[in-house]
Amino acid sequence: MTPIADYGLLGDTRTAALSSSDGSLDWMCVPRFDGEPVFGRLVGGSAAGSFRLGPAVPLPVADRRYREHTATLQTSWAAPDGRLTLTEGMVADVGGQLLPATLLVRRLSAEGAPARARVHFDPRLGERHRPPRVRRRGTDLVCEWGTLALSLTCEEGAALEVGRSTTLTVSPGRPVTFVVTIAHREPLVHVSPDAAWALLEADGSRWAAWAGRVDPDLPFRDAVIRSLLTLRLLTYSPSGAPVAAPTTSLPEQPGGLRNWDYRYAWPRDASIGVAAFLGAGLGDEARGFLWWLLHASRLQRPRLPVLLTLDGRLPPAERSLRGWPGYAASTPVRVGNGAADQHQLDGYGWVVDAAWVMVRAGHPLYSETWRAIRGFVDRVSERWSEPDAGIWEIRGDAVQHVHSKLMAWLAVDRGLRIAETHRLSDRRRRRWLAARDAIGVDVRAAGYSSALGSYTRSYGSPDLDAALLVLPLVGLEDPHSSRVRGTVDAIRERLSAGGPLLFRYPPGRDGLDGTEGAFLPCSFWLVRALACTGRRDEALRVFQDLLARASSLGLYAEEMDPTTGAHLGNFPQALTHAALVQAALALREPEA
Amino acid sequence: MDWAGWAVFGLVATSVLTAVMTTAQLAGLTRLDLPLVLGTILTEDPDRARLAGFVIHLGVGQVFALGYALVFALLHRATWWLGGLLGLLHVAVVLMVLLPVLPGLHPRMASHRAGPVSRAVLEPPGLLGLNYGVQTPVVALAAHLVYGAALGLLLQAR
């Protein structure tokens, strides 16, 4: 089984593909992130399709990296007398031109001596791995499933066949370019290999220019840029919706059942993305995130849904795909996400805080945006005392989560701060002030355990919760108080998974069988918490340790096996990358 | 041709149509906000856009009302149900032609090909406006039936 961290992300901000170090493209949904997979081998087994371009015989990887500050991935294999290189990417900017919405370009080139390569192109569609109707048009191999068409072309197109491996010789100075174009409910657009390659090169230059807008003074700038690029690649450009990850059902425990569909947008993650983009100097992206967030949630207001589809609908009901073997036999493979029906109080806090971050940075809210925010704060003021499912979306009975109360306090507090520069009636202000005071009193009294010297997971619980690492940043308590430092230290000690890794809560305490890995965003929140409580050197050490645990391409999943260091869960994970950026931002200022 | 009726009742019918759409939007049935969609052709400030969009919408409504008036004049007949039938045709054109092609002329609307350098702020409505909520076609249908019926009721066929 190919390790999760072995995969590189290719993307065009409408959909994404995962490519392994042996050149196998094992995951790609069309026409967008949450569509059906045409290459689904990652969780669907070999019957679910893949597209491999690599050496004809196994060769060691000599070098694998993204071209600097771009989304173009380059993998080189060492042959006895030379090297074979695969350069691949998707063209992101196809607007305003006669180009297909999805354009995947993969080029094989050789150095030193001619190299033998193998091509295996086997697209299958959806849950039942439907084979396509195949036709040949000139050098194009056209695969069709009703309204969806996919074409493959290359300089040596005539020899290619669907589902059958073909070998070819790549000579130095004569690269072979493979172009996949996809059309959904529209005609296919033919792009010649040379033209496609030129488009990919131009796209690389655009990404590099985009990365050039990132604040030049950021610490760990390369890692931050890779994270920002990943976040942007996971943002669906037609609506601005950020997907949590491009995959479904990569397991939190190999062989286990914690397999979820993350191809949707969580308002909470979007809000964290706002702060990450804004802090790095990418104001347009931050505004785009907030715009999506407020428009997508419009039909449900003042309720804030836990997650939404890319065009702001509620996600489909969760179900399991029959017969899908799962990654490392981790079943079920799920589509849809049952967490959509949950009541989560913390989401409001993240969203209102994102709006406050925008206001603080000098971007006043439009009256409509402020109206939406007021609605969210009103709802929190009315319902903060109810139990909820909490940030970790545990599918059991709702409880009084301390983190949720903390975020409810944050929502009201940030609402009041925004109100200092935006219109708010006196009656509403008084109501919000009363709610903020009441939440503060309640959470300080019921959420803190003197015996543990820490805030707890829920009222009266002996467990801790790593989400409480946001405590120093919220403002409910003085970041240098003993209660805050005690909470940070207690979480670090009692939820430690070794080194900088933390479990989000005591393993196994979520009502499901089996266990899970350490939760990476929490480790980056630890960096922020340490930096914000005056322990910058410690924070720096933790951060550097975490950077060393990235995949070889600088990507992170949601979780990590504390013993083996293997990445676990859907990949790459937007929340982890947003948390990385926020941690780096916290390290920029000795006292944030 | 009832020119005076067209001038007055075209505005009335468009205002009613806008009111139905806005009410549906406020009731959480659709995210389609016609004044916003039209107004952002001119400005990116949503508040100003709504005002500008309403004026544009009145103008567009007058153009469509002219078509209704011409049909009534040609048929020498104007009834609420005939207006309703024209409303059906009207909404079909709006949902299946005008909304899907809007990204092609709207400077602040993404297309499904939008990429990172797109400066768009509005998501594309998609076929039948379904990207703005599954009930959007129903709301649009109701609004246009009201529009057509109002014109059929108020315009005289001469």
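Cut-off values and rules
- Residues numbered from 1 in each chain as written.
- Chains lettered and ligands numbered in written order.
- Predicted model: local features only at pLDDT ≥ 70, side-chain atom pairs only at ≥ 80, totals over all residues.
- Heavy atoms only, no water.
- UniProt positions renumbered as here; feature names shortened; annotations may be inferred.
- Helix = DSSP H or I, 4+ residues; strand = E, 2+ residues; numbered from the N terminus.
- Pairing = 2+ DSSP bridges.
- Core = buried A, V, L, I, M, F, W, Y, C linked by side-chain atoms within 4.5 Å.
- Buried < 20%, exposed > 50% of the residue type's maximum accessible area, 1.4 Å probe, protein only.
- Contact = heavy atoms within 4.5 Å.
- Patch = residues over 30% accessible without salt bridge, like charges linked within 9 Å, V, L, I, M, F, W, Y side chains within 5 Å.
- Areas by Shrake-Rupley, 256 points an atom, 1.4 Å probe, with all protein chains shown as cover.
- Salt bridge = Lys/Arg side-chain N within 4 Å of Asp/Glu carboxyl O.
- Axes fitted to C-alpha atoms, helices over the stretch in contact; angles between N-to-C directions.
- 1 Å grid on protein atoms, 1.4 Å probe; cavity = no way out; pocket = protein on both sides within 12 Å on 5 of 7 lines; lining within 4 Å.
- Points joined across faces, edges and corners; volume = space filled by probe spheres on them.
- Nonpolar A, V, L, I, M, F, W, Y, C, P; charged D, E, K, R; others polar.
- pLDDT = per-residue confidence, 0-100.

Participant: Explanation requested: the UniProt feature "transmembrane region" (unreviewed entry) in chain B in the structure shown.
Facilitator: All names here are of chain B. Look at the UniProt record and you will see "transmembrane region" (unreviewed entry) annotated at residues 50-75, 82-102 and 132-155. Secondary structure within residues 50-75 divides into 100% helix and 0% strand; the distance between the first and last C-alpha atoms comes to 37 Å. Secondary structure over residues 82-102 splits into 100% helix and 0% strand, and the C-alpha atoms at its two ends are 28 Å apart.

Participant: Would you mind going over the sheet that holds strand S24 (residues 518-519) of chain A with me for this structure?
Facilitator: Either a parallel or an antiparallel arrangement is found when strands of a sheet pair, and the pairing is made through backbone hydrogen bonds. Residue and element names in this part refer to chain A. Strand order in the open sheet formed by three strands is S24-S25-S26, with antiparallel pairing between adjacent strands. A strand with exactly one partner marks an edge of an open sheet, and here the two such strands are S24 and strand S26 (567-568). Of the strand pairs in this sheet, S24 and strand S25 (residues 559-560) are connected by two bridges, and their pairing is antiparallel. Paired with Ala518 across the two strands is Met560, which belongs to S25.

Participant: How should I be thinking about the nonpolar core in this particular structure?
Facilitator: A general trend in soluble globular proteins is that nonpolar side chains are found buried together. Of all hydrophobic cores here, the largest spans 179 residues; its most connected members are A:Phe51, A:Phe178, A:Leu228, A:Ile373 and A:Trp525. Residues within four places of A:Phe178 in sequence aside, it is in contact with A:Phe51, A:Leu53, A:Leu104, A:Val105, A:Arg106, A:Leu108, A:Val119, A:Leu152, A:Thr153, A:Cys154, A:Leu160 and A:Leu168. Formed by 31 residues, the second largest nonpolar core is a distinct cluster that contains B:Leu34, B:Leu82, B:Val139 and B:Leu155.

Participant: I tried to follow a nonpolar patch on the surface on my own but got confused; where do I start?
Facilitator: All names here are of chain B. Taken together, the side chains of Val8, Val12, Val16, Trp80, Trp81, Leu85, Leu88, Leu141, Leu145, Val146, Leu153 and Leu154 present a nonpolar region at the surface, about 1,000 Å² in accessible area. For the nonpolar patch, the elements supplying multiple residues, two or more each, are helix H1 (3-26), helix H4 (80-105) and helix H5 (136-154). Along the chain, Val12 turns up in helix H1. Judged by its relative accessible area of 36%, Val12 falls in the partly exposed class.

Participant: Is there a simple way to think about the sheet that holds strand S11 (residues 133-137) of chain A in this case?
Facilitator: All names here are of chain A. An order of S6-S7-S8-S9-S15-S13-S12-S11 is seen for the eight strands of this open sheet, with the pairing classed as antiparallel. Two strands bound the open sheet, and with one partner strand each, they are strand S6 (61-66) and S11. Averaged over all pairs of adjacent strands, the angle between strand axes in this sheet comes to 15°, irrespective of strand direction. Sheet topology note: the strand S12 (residues 140-145)/strand S13 (residues 148-154) ladder contains five bridges and is antiparallel. Opposite Cys143, over in S13, you have Leu150 as the bridge partner. The strands that helix H2 (residues 193-211) touches are strand S8 (82-90), strand S9 (102-111), S13 and strand S15 (176-184); relative to S9, the one it contacts most, it runs at about 100°.

Participant: Please clarify how the pairing of strand S2 (residues 16-19) of chain A should be interpreted in this entry.
Facilitator: Residues in a regular strand project their side chains so that they alternate between the two faces of the sheet. All names here are of chain A. Taking every second residue as pointing to the same face, both faces of S2 are buried, with Ala16 and Leu18 on one and Ala17 and Ser19 on the other. Bridge count for strand S1 (residues 8-11) against S2 is four bridges, and the pairing is antiparallel. Looking at the pairing, Leu9 lines up with Leu18 of S2. Where S1 folds back on S2, the antiparallel hairpin that results is connected by four residues, among which Thr13 adopts a positive phi of roughly 70°. Pairing analysis gives three bridges linking S2 to strand S3 (residues 24-30), with the strands arranged antiparallel. Paired with Leu18 across the strands is Trp27, a residue of S3. Here S2 folds back onto S3, and the loop between the two strands holds four residues, one of which, Gly23, carries a positive phi near 85°.

Participant: I keep staring at the pattern of salt bridges and nothing clicks. Help me out?
Facilitator: Side-chain pairing between opposite charges can occur once the charged atoms of the two side chains come close. All names here are of chain A. The final tally for this structure, using the stated rule, is 48 salt bridges over all chains. Salt-bridge contacts for Asp22 lead to Arg52; the nearest nitrogen and oxygen are separated by 3.7 Å. Placement of the pair is Asp22 in the loop between S2 and S3 and Arg52 in strand S5 (residues 50-55), with a sequence separation of 30 residues. Overall, the relative accessible area of 33% leaves Asp22 in the partly exposed class. In this structure, the salt-bridge partner of Asp269 is Arg268, at a minimum N-O distance of 3.8 Å. No difference in accessibility class separates Asp269 from Arg268, as the two residues are buried. Among the charged side chains, a network of salt bridges with common partners joins Glu252, Arg258, Arg504, Glu516 and Glu559.

Participant: When you look at the environment of A:Pro3 in this model, what are you seeing that I'm missing?
Facilitator: Structurally, A:Pro3 is set in the segment before S1. Residues A:Pro3 and A:Ser21, 18 residues apart in the sequence, show an inter-C-alpha distance of 9.9 Å.

Participant: So what exactly am I meant to see when it comes to the layout of surface pockets here?
Facilitator: Think of a ball as big as a water molecule: rolled over the atoms, this probe shows where empty space is left. One number sums up the size of the second largest pocket: a volume of about 1,100 Å³. Lining the second largest pocket are 47 residues, with A:Asp284, A:Arg287, A:Gly288, B:Ala120 and B:Val121 positioned closest to its centre. At the level of secondary structure, the elements contributing two or more residues to the lining of the second largest pocket comprise H2, strand S16 (235-236), helix H5 (283-296) and helix H7 (367-383) of chain A. Among the elements that line the lining of the second largest pocket, the one with the most residues is H5(A), at 10 residues. Among the residues making up the lining of the second largest pocket, the classes are represented as 22 nonpolar, 11 polar and 14 charged.

Participant: Would you mind going over the UniProt feature "domain: Trehalase-like N-terminal" (unreviewed entry) in chain A with me for this structure?
Facilitator: Those residues carrying the UniProt feature "domain: Trehalase-like N-terminal" (unreviewed entry) are residues 2-126 of chain A in this numbering. The span residues 2-126 of chain A is 3% helix and 52% strand, and its two end C-alpha atoms sit 22 Å from each other.

Participant: What's the story with the confidence of the model for chain B in this structure? I'm lost.
Facilitator: Detailed reading of the predicted model is not advised wherever pLDDT is low. Of all residues in chain B, 99% have pLDDT values of 70 or greater, and the mean over the chain is 91. Reported confidence for the predicted complex is 0.82 by ipTM and 0.93 by pTM.

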